[in-house]
Amino acid sequence: MEQFRYQENELICEGTKLQDIAEQFGTPLYVYSRQSIRDHTRWIEQVFRETNHLSCYAIKANGNREILRVLAQEGIGADAGSIGELHLALEAGFPPEKITFSGVGKRDDEIEFALRQNIHSLNVESEEEVNVISEIAERIWMKARILLRVNFDIETPTHKYTSTGHKHTKFGIEREKAVEVAKWASTVPGIELRGIHSHIGSQITDAETFLQAAREVVELVNELRANGLEISELNFGGGFGVQYHDYVSHPLLPNDGEQADSGVTTVKLLESVLPVLRESKCRILIQPGRSIIAHAGILLTKVLYTKQSGDKIFVIVDAGMNDLIRPSLYQSYHQIVPLQLSDSNHVLVDVVGPLCETGDFFAHDRMMPDVKRGDYLAILCTGAYGFVLSSNYNGRQRPAELMVDGSECLLIKNRETINQL
Ligand SMILES: Cc1ncc(COP(=O)(O)O)c(C=O)c1O
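Parameters at a glance
- Residues numbered from 1 in each chain as written.
- Predicted model: local features only at pLDDT ≥ 70, side-chain atom pairs only at ≥ 80, totals over all residues.
- Helix = DSSP H or I, 4+ residues; strand = E, 2+ residues; numbered from the N terminus.
- Rg over C-alpha atoms; globule rule 2.2 N^0.38 Å.
- Buried ≥ 20, exposed ≤ 12 C-beta atoms within 10 Å, placed from the backbone.
- Contact = placed C-beta atoms within 7 Å.
- Pairing = 2+ DSSP bridges.
- Near = placed C-beta within 6 Å.
- Nonpolar A, V, L, I, M, F, W, Y, C, P; charged D, E, K, R; others polar.
- Core = buried A, V, L, I, M, F, W, Y, C linked by C-beta atoms within 7 Å.
- Domains from an automatic or database assignment.
- Expected span 1.5 Å × (residues − 1).
- Arc of directions from axis to C-beta.
- Right-handed = clockwise from strand over helix to strand, strands pointing away.

## Some remarks on the overall build of the chain
- Assigned secondary structure in the chain consists of 11 helices and 21 strands.
- Over its C-alpha atoms the chain spans a radius of gyration of 22 Å, differing by no more than 12% from the 22 Å that the globule rule assigns to 421 residues.
- With 421 residues in all, the chain has 48% of them scored as buried.
- Long-range contacts, defined here as pairs at least 24 residues apart, represent 70% of the contacts in the chain between residues at least 6 apart.

Rendered as C-alpha cells:
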C-alpha cells in the first residue's frame, strides 16, 4: 500500500493530514514517509530473496541524512557518486563493505579516500582511471577492487539527459574494447578486477530494454570467463522506472489516461530481468535510487495567486524551479493535487512558480480541480531528484524537509534562513 493517499477528501501521509503539516511547518516543504522508504526497500529485497546480491541505494537520488539512516538500518548498501556522498554513507551507518563508488570523473583525493575506507568496490569508466586507481592503491599499499563500467550502446526510451547507455555518452568503456581492457586491467598491479558494471539510464519503464542490457552483460561475463578471467560480480546499476501518472486517484480528480508509466513497478521490472542476470552465476549488485525514494516523498506548496491571461489560467504557487527542477530540466510529469478536495469542477491550468523564468513551471495545460489563493497543493512523487537538485537561484532559501513516522513528524532539514544565502 502506498503511504500517500486520500482518506475521504483529505490527502494523508501514514494517517497524518498533510493540511495540518502544511499549516504547522509552512511551504514549500518536502514531506517523506518513513514507512514508504522501508516498504520500497523491502519490496526490492523480496525479489532478490534467493539470490546472492547487494542492493546499493544511489545516494544521488536523495542524500538526506535521516533518509540514509533509515536505509542503512534496512541493511542494504549505498552507492556514492562523490567524496561527499561517501562521507554521508559512512556517517549514516552503511558498512564500508556495502558501499560502492561510481562516477565518470573521480578525483585522486576521492579515490584515495574510498580506498582507505576499504569500500566494496569502485565502478571504473576508462583505462586512464584504471591506471590512476592502481597508482594510488600501490602508493598506500592496497589493492583496489574494481568493476569495469561497460557501455553496451543500448538506446533507452527515456529523456536524453538521463540516458547513459548508448555510445555517444561519456559513460563507460566501449563494448568493442571491453574484453581487451578487462584482460589488461586484470594484470595491472594495484587492481583486483571483480566484474562488470552497467547503468543504462534513469526512469526506464520498459522491461525489454532492461532485458536487452541484461543479456549483453551476461554475454560479456561469459566471454571474459572464456578468456580465463575470474568474474564474480555483476553490477546492473539502477534506472528502474516508477509510475508518475495517476499515482493517487479519487473520484473528484481527473484521470491521466493510459501513459508509458501506467502500471510500472520496480518489482515487475526486476522480476523480468533477474532470471537472465542469474545465468551469470555472479553475485548481483544493483544501484536503485528513484525506485526506492521517488514515491516516498512529496513537495507541498501553497497557491499564491491565480490569474487569467488570454486563454490561459495560471496557478502561481510558492514553490519554484529552484525547489524542484525536474519539470524544467527534463519536462518531467508530476501529478499535482489539492490537499483537500471539495468539488468536481476541473479547469485547464498552468501551474507555475514565482521565479523570473518562463521555464519555471510544474505543469502546462493540466486539467486540475479548481483552486484558489491559500489552497495547498501536493506535487507528488518528488522524493527522488527533488531536494537534492534544489538551489538558491533568485535568492530563494531552500525548503525544509520533514519525515512522517506514524503520527510523529520529524523535521529532518530546517528551512534555510536568509543569513544562509
Ligand atoms: C551509476 C548510477 N547508478 C545508479 C543511479 C540511480 O539511478 P535511478 O535513480 O534511476 O535508479 C544513477 C543515476 O543516474 C547512476 O548514475
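## Concerning the environment of Q308
- Relative to the elements of secondary structure, Q308 occurs in strand β14 (residues 297-309).
- Each C-alpha atom of the pair Q308 and V349 lies 9.3 Å from the other, and the pair is 41 residues apart in sequence.

## Focus: the sheet that holds strand β3 (residues 16-17)
- The strand order across the open sheet built from three strands is β1-β2-β3, with neighbouring strands paired in antiparallel fashion. Strand pairing shows two members of the sheet lacking a second neighbour, β1 (4-7) and β3, which therefore form its edges.
- As defined by bridge partners, β1 adjoins strand β2 (residues 10-13) across four bridges and the pair is classed as antiparallel. When the sheet's bridge partners are listed, R5 is paired in β2 with I12.

## Focus: the site of the ligand
- The full set close to the ligand counts 17 residues, and A58, S202, G238, G289 and R290 are the nearest of them.
- Considering only residue class, the shell around the ligand consists of five nonpolar, nine polar and three charged.

## Some remarks on the nonpolar core
- Grouped together as the largest cluster of nonpolar side chains are 114 residues, with contacts concentrated most on V31, L148 and A378.
- The greatest single-element share of this core, amounting to eight residues, is contributed by helix α8 (residues 207-226).
- Taken together, domain 1 (34-292) and domain 2 (296-420) each give at least three residues to this core, which thus spans both.
- Not counting the four nearest positions on each side in its chain, V31 is found in contact with C13, L18, I21, G297, I298, L300, L402 and V404.

## With respect to helix α2 (residues 34-47)
- The end-to-end C-alpha separation of α2 is 21 Å, in line with the 20 Å expected for 14 residues at 1.5 Å each.
- Buried within α2 we find R34, S36, I37, H40, T41 and I44.
- Tucked into the core, α2 has its buried residues touching β4 (29-33), β5 (53-58), α3 (65-73), α9 (266-278), α10 (290-293) and β20 (400-405).

## Some thoughts on the environment of W141
- Note on placement: W141 falls in the loop between α6 (127-139) and β9 (144-151).
- Residue W141 is classed as exposed on the basis of its 7 C-beta neighbours within 10 Å.

## What about unusual backbone geometry?
- Cis geometry marks the peptide bond from T27 to P28; its omega dihedral reads -5°.
- Note that P28 resides in the loop between α1 (18-25) and β4.
- Of note, C381 is a non-glycine position whose phi angle comes to about 55°, a positive value.
- With respect to the element layout, C381 can be found in the loop between β19 (376-379) and β20.
- Positive phi outside glycine occurs at Y385, with the angle close to 55°.
- By the element assignment, Y385 lies in the loop between β19 and β20.
- A count of 23 C-beta atoms within 10 Å places Y385 in the buried class.

## Here we look at the domain arrangement of the chain
- Assigned domains of the chain: these are domain 1 (34-292) and domain 2 (296-420).
- When each unit is reduced to the centre of its C-alpha atoms, the spacing between domain 1 and domain 2 is 31 Å.
- Contact residues are listed per partner, giving 25 residues for domain 1 and 26 residues for domain 2.
- Each residue belonging to the side of domain 1 that touches domain 2 can be placed in one class, and the counts come to 10 nonpolar, 10 polar and five charged.

## Regarding α6
- In this model α6 runs 19 Å from its N-terminal to its C-terminal C-alpha over 13 residues, within 8% of the 18 Å that 1.5 Å per residue would give.
- What α6 keeps buried is the set E129, V130, I133 and A137. The arc that holds the buried residues of α6, viewed along the axis, is 105°, so those residues lie on one side. In α6, the exposed positions angled more than 90 degrees off the buried face are occupied by E128 and R139.

## Describing the pairing of strand β8 (residues 121-124)
- Of the two faces of β8, the one holding S121 and N123 and the one holding L122 and V124 are both buried throughout.
- Sheet analysis places strand β7 (residues 99-101) next to β8, joined by two bridges and oriented parallel. If you follow T100 over to β8, its bridge partner there is S121.
- Tracing the backbone out of β7, into helix α5 (residues 108-116) and back to the parallel element β8 gives a crossover that is right-handed.

## Thoughts on the environment of L339
- Its place among the elements puts L339 in the loop between β16 (336-338) and β17 (346-352).
- Distance from L339 to L277, taken between C-alpha atoms, is 43 Å for residues 62 residues apart in sequence.
- Beyond its immediate sequence surroundings of up to four residues, L339 is in contact with E10, L11, L18, Q19, A22, Y376 and A378.

## A few points about the pairing of β20
- Of all six residues making up β20, five are buried, and the element is well covered by its neighbours.
- Both β4 and β20 contribute to a ladder of five bridges, which runs parallel. Directly across from L29, in β20, lies its bridge partner A400.
- Strand direction decides the pairing type here: β20 and strand β21 (residues 408-413), joined by five bridges, are antiparallel. When the sheet's bridge partners are listed, M403 is paired in β21 with L410.
- As consecutive antiparallel partners, β20 and β21 are separated by two residues, and within that stretch G406 has a phi angle of approximately 65°, a positive value.

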